[in-house]
Amino acid sequence: MSIIETALHDVNVTVEAQDYQQSGIHAQAEIQAEQLKSVCRALHSFCFFLETVTAVDNLSTETMQGVWFFNHYRQSARFKVVIETGRNNPVFPSIGAIYPGAVWHERETGEFFGIVYDGSKDSRCLLLPEDVTFHPLRKDFKRPEQQIAGIH
Amino acid sequence: MFDSQTAATYNLETVGDQENDFILNLGPQHPGTHGVLRVVLHMDGEYILSADPVLGYGHRMQEKIAETLTYTQVLPYMARMDYLSALSYNQAWVCLVEKMCGYEVPRRAEYIRVLTTELNRISSHFLWFGAFLLDLGAFTPFLHAFEDREKILDLLETLTGSRLTYCFFRFGGVGADVDSVFLKGAQDFVDHMRSHLASYHDLVTGNVIFQERTRDVGVILPFDTWGYGLTGPVLRGSGEKYDVRLREPYSIYPELDFEIPVEQTGDCLARYLVRLQEIEESLNIIEQTIAGMPEGPIRSKVPKIIKPPEGEATMSVETPRGELMIYAVSDGSKIPYRVKYRVPSFANLSIFSKMAKGQLLADALAVLGSLDLVIPEVDR
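Treat the numbers as computed from the prediction; the structure is a model and nothing was measured.

**Focus on the packing of aromatic side chains**
Residues and elements named next belong to chain B.
Part 1 of the argument: In total, this model carries 23 aromatic pairs over all chains according to the counting rule given.
Part 2 of the argument: With a centroid separation of 5.2 Å and an interplanar angle of 15 degrees, the aromatic rings of W128 and F132 are classed as stacked. In this pair, W128 and F132 both sit in helix α5 (residues 107-135), four residues apart, roughly one turn of the helix. Taken as a pair, W128 and F132 share a single burial class, namely buried.
Part 3 of the argument: Between F223 and W226, the aromatic rings sit 5.5 Å apart at their centres with planes inclined by 70 degrees, giving edge-to-face as the arrangement. Here the residue F223 and the residue W226 both occupy positions in helix α9 (residues 222-228), the gap between them amounting to three residues, near one helical turn.
Part 4 of the argument: Exposure remark for F223: the relative accessible area of 52% places this residue in the exposed category.

**Notes on the domain arrangement of chain B**
Part 1 of the argument: By domain assignment, chain B separates into domain 1 (4-54) and domain 2 (62-342).
Part 2 of the argument: Computed from C-alpha coordinates alone, the two centres of domain 1 of chain B and domain 2 of chain B are separated by 33 Å.

**Details of the sheet that holds strand β2 (residues 27-30) of chain A**
Residues and elements named next belong to chain A.
Part 1 of the argument: On the basis of which strands lie adjacent, the open sheet formed by five strands has the order β1-β2-β5-β4-β3 and mixed pairing. Of all the strands in the sheet, just β1 (16-17) and β3 (48-58) have a single pairing partner and so form its edges.
Part 2 of the argument: Relative to β2, β1 runs antiparallel, the two being bridged by two bridges. Note on β2: the bridge partner recorded for E16 is Q28.
Part 3 of the argument: In this fold helix α3 (residues 36-45) packs onto β3, β4 (63-72) and β5 (79-86), with an angle of close to 170 degrees to the strand it touches most, β5.
Part 4 of the argument: Together, β3 and β4 form the strand contacts of helix α4 (residues 102-113), whose direction differs from that of β3 by roughly 5 degrees.

**Some thoughts on the layout of surface pockets**
Part 1 of the argument: Each pocket or cavity is described by its volume, and for the largest pocket that value is around 580 Å³.
Part 2 of the argument: If you trace the largest pocket, you find 20 residues lining it, with Q21(A), K99(B), E110(B), Y250(B) and S251(B) closest to the centre.
Part 3 of the argument: Among the elements of the structure, α2 (20-23) of chain A together with α4 (86-101), α5 and β6 (311-319) of chain B are those that each provide at least two residues to the lining of the largest pocket.
Part 4 of the argument: Its residues assigned to classes, the lining of the largest pocket comprises eight nonpolar, four polar and eight charged.
Part 5 of the argument: The volume enclosed by the second largest pocket comes to roughly 510 Å³.
Part 6 of the argument: Surrounding the second largest pocket, 21 residues form its lining, K121(A), E13(B), Y228(B), S353(B) and K357(B) being those nearest its centre.
Part 7 of the argument: Secondary structure elements with two or more residues in the lining of the second largest pocket: α4 of chain A together with β3 (47-54) and α14 (352-356) of chain B.
Part 8 of the argument: A per-element tally of the lining of the second largest pocket places β3(B) first, with four residues.
Part 9 of the argument: Split by residue class, the lining of the second largest pocket holds eight nonpolar, five polar and eight charged.

**Here's the deal with the interface of chain B and chain A**
Part 1 of the argument: On the chain A side, the residues contacting the 47 residues of chain B number 51 residues.
Part 2 of the argument: Here chain B meets chain A over a buried area of about 4,100 Å², counting both sides, of which 55% is carbon and sulfur.
Part 3 of the argument: Linking chain B with chain A are eight salt bridges.
Part 4 of the argument: The closest approach of N and O atoms between E108(A) and K340(B), which form a salt bridge, is 3.1 Å.
Part 5 of the argument: Applying the counting criterion to the chain B and chain A interface returns 26 residue pairs in polar contact (both at pLDDT 80 or more).
Part 6 of the argument: The residue inventory of the side of chain B that touches chain A, partitioned by class, reads 19 nonpolar, twelve polar and 16 charged.

**Considerations on the nonpolar core**
Part 1 of the argument: Residues W68(A), F70(A), F79(A), Y99(A), W93(B), Y272(B) and F352(B) are the most contacted members of the largest nonpolar core, which totals 158 residues.
Part 2 of the argument: Examining the composition of this core, we find that twelve residues originate from one element, α5(B), more than from any other.
Part 3 of the argument: Shared between two domains, this core holds at least three residues of each, these being domain 1 (4-54) and domain 2 (62-342) of chain B.
Part 4 of the argument: Those residues in contact with Y99(A) that sit more than four places away from it in its chain are C40(A), L43(A), H44(A), F48(A), F49(A), L50(A), F70(A), W226(B) and G227(B).

**What about the sheet that holds β3(B)?**
Adjacent strands of a sheet pair through backbone hydrogen bonds, lying either parallel or antiparallel.
Residues and elements named next belong to chain B.
Part 1 of the argument: Taken in spatial order, the three strands of this open sheet run β1-β2-β3, and their pairing is antiparallel. Each end of this open sheet is capped by a strand with a single partner; those strands are β1 (22-26) and β3. Averaged over all adjacent pairs, the angle separating strand axes in this sheet is 20 degrees, with direction ignored.
Part 2 of the argument: Here strand β2 (residues 38-44) pairs with β3 via seven bridges, running antiparallel. Bridge pairing in β3 places L41 opposite A51.

Thresholds applied
- Residues numbered from 1 in each chain as written.
- Chains lettered and ligands numbered in written order.
- Predicted model: local features only at pLDDT ≥ 70, side-chain atom pairs only at ≥ 80, totals over all residues.
- Heavy atoms only, no water.
- Phe/Tyr/Trp six-rings, centres within 6.5 Å; stacked < 30°, edge-to-face > 60°.
- Helix = DSSP H or I, 4+ residues; strand = E, 2+ residues; numbered from the N terminus.
- Buried < 20%, exposed > 50% of the residue type's maximum accessible area, 1.4 Å probe, protein only.
- Domains from an automatic or database assignment.
- Pairing = 2+ DSSP bridges.
- Contact = heavy atoms within 4.5 Å.
- Axes fitted to C-alpha atoms, helices over the stretch in contact; angles between N-to-C directions.
- 1 Å grid on protein atoms, 1.4 Å probe; cavity = no way out; pocket = protein on both sides within 12 Å on 5 of 7 lines; lining within 4 Å.
- Points joined across faces, edges and corners; volume = space filled by probe spheres on them.
- Nonpolar A, V, L, I, M, F, W, Y, C, P; charged D, E, K, R; others polar.
- Buried area = accessible area lost by both parts, 1.4 Å probe.
- Salt bridge = Lys/Arg side-chain N within 4 Å of Asp/Glu carboxyl O.
- Polar contact = N/O pair within 3.5 Å; in protein donor to acceptor, adjacent residues only side chain to side chain.
- Core = buried A, V, L, I, M, F, W, Y, C linked by side-chain atoms within 4.5 Å.

Here's what the structure looks like:
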């Protein structure tokens, strides 16, 4: 049993093993939004470190994937957590109270994708100016030159 | 002067005596922040009550740029993120695409990659060494470090054609072959540094002022390391032996014989010692790659138009600052669907506001220096 399965033994999620040679990911789990905090608490207590918090916008299926990457210092165990939701006004729970380093990642991903991280104590813009009204990594975002010329 | 509106904008805690406290703006153009980083500080005299780093002055939306270019066109952008370790970034991107497409890399190319990347790692550590001691008020070590760094830049210039923002690796190989002149130059540099590194220790490590300025300053406790996702020398200074070259070996690193330096105290001095030991280990690696350099081709045959199959992949490498992970999603076309750069400086800087609390301002600058930040990498 891998350390990922050991850590998540008491949390009711299905861990799927991945082809590490091909993808660089050892395992992944698709979970529900309300399970995220208990998954993170379990991983934190097993000393998994937070690699990043990000998202993938799927225009074709009208979904927004929240993606969390964890890894371990003592053994090679990259673990990807995925939550899927609709791409209109996506909301994910914030894990900043468990992983303090997540706050910055959430601020960045929030401003790039228009995602709200529910319960975050700091949701200001991080890299973009504080008055931006667009989310550049959403797939329906058009760059200024595209807006003027009407090209896609 | 303390202004509660400014404090609210920058999320500063309203603790302390608000009559006499003041808010200090450090940067974005300040030599101590090494780049366009701005820190808003809530000060009580010389002591910091809370700090808020303000990022984004060098933000270029690299992830969006990557979504508009082909895989080959993205490659030169790698050097523009962490300009001090451009080759590590090169390596991450080419290895990621090779992993997604299943390209083979000739052995000689792998050796050249490791040889040049380790040279680049040393040059990055030299720049950090000079700049860090400059932060502490020592000017002479800066000149020593830059003189030695110049030797590496000259060497890499003959091979790659550029001095800083290298774009040298290719999918399935490297851009140019090393000749005997280059290998001799690299070996001469290793021999020179072996003896010269002792003078670094003589000049700095044993210095009483330096010790006083760095010992027990900016201590990172092991408990905080995984909460903030710290990696690289910042983590290894706190006693955790984590290095991507060891944990998730790539290229020819599993065949090489080198140590991962670790210090236990977690202060600025520990991070300094880790980096200096890393220079020695990199010298070992360079020597081994020169000695074992195999004959053969430097590039395998790869298609002109690169279209990775649908799917996703991650690739992580150890840059001089820590773990760089690139996560890419492909939709089967020649343009990446999504690229995410997980950069080490970003995570390492995020702990700064916690570390700065209760520190003297001058110590906070020593802490910033010891984190070895490259701000264009944080901002991307």
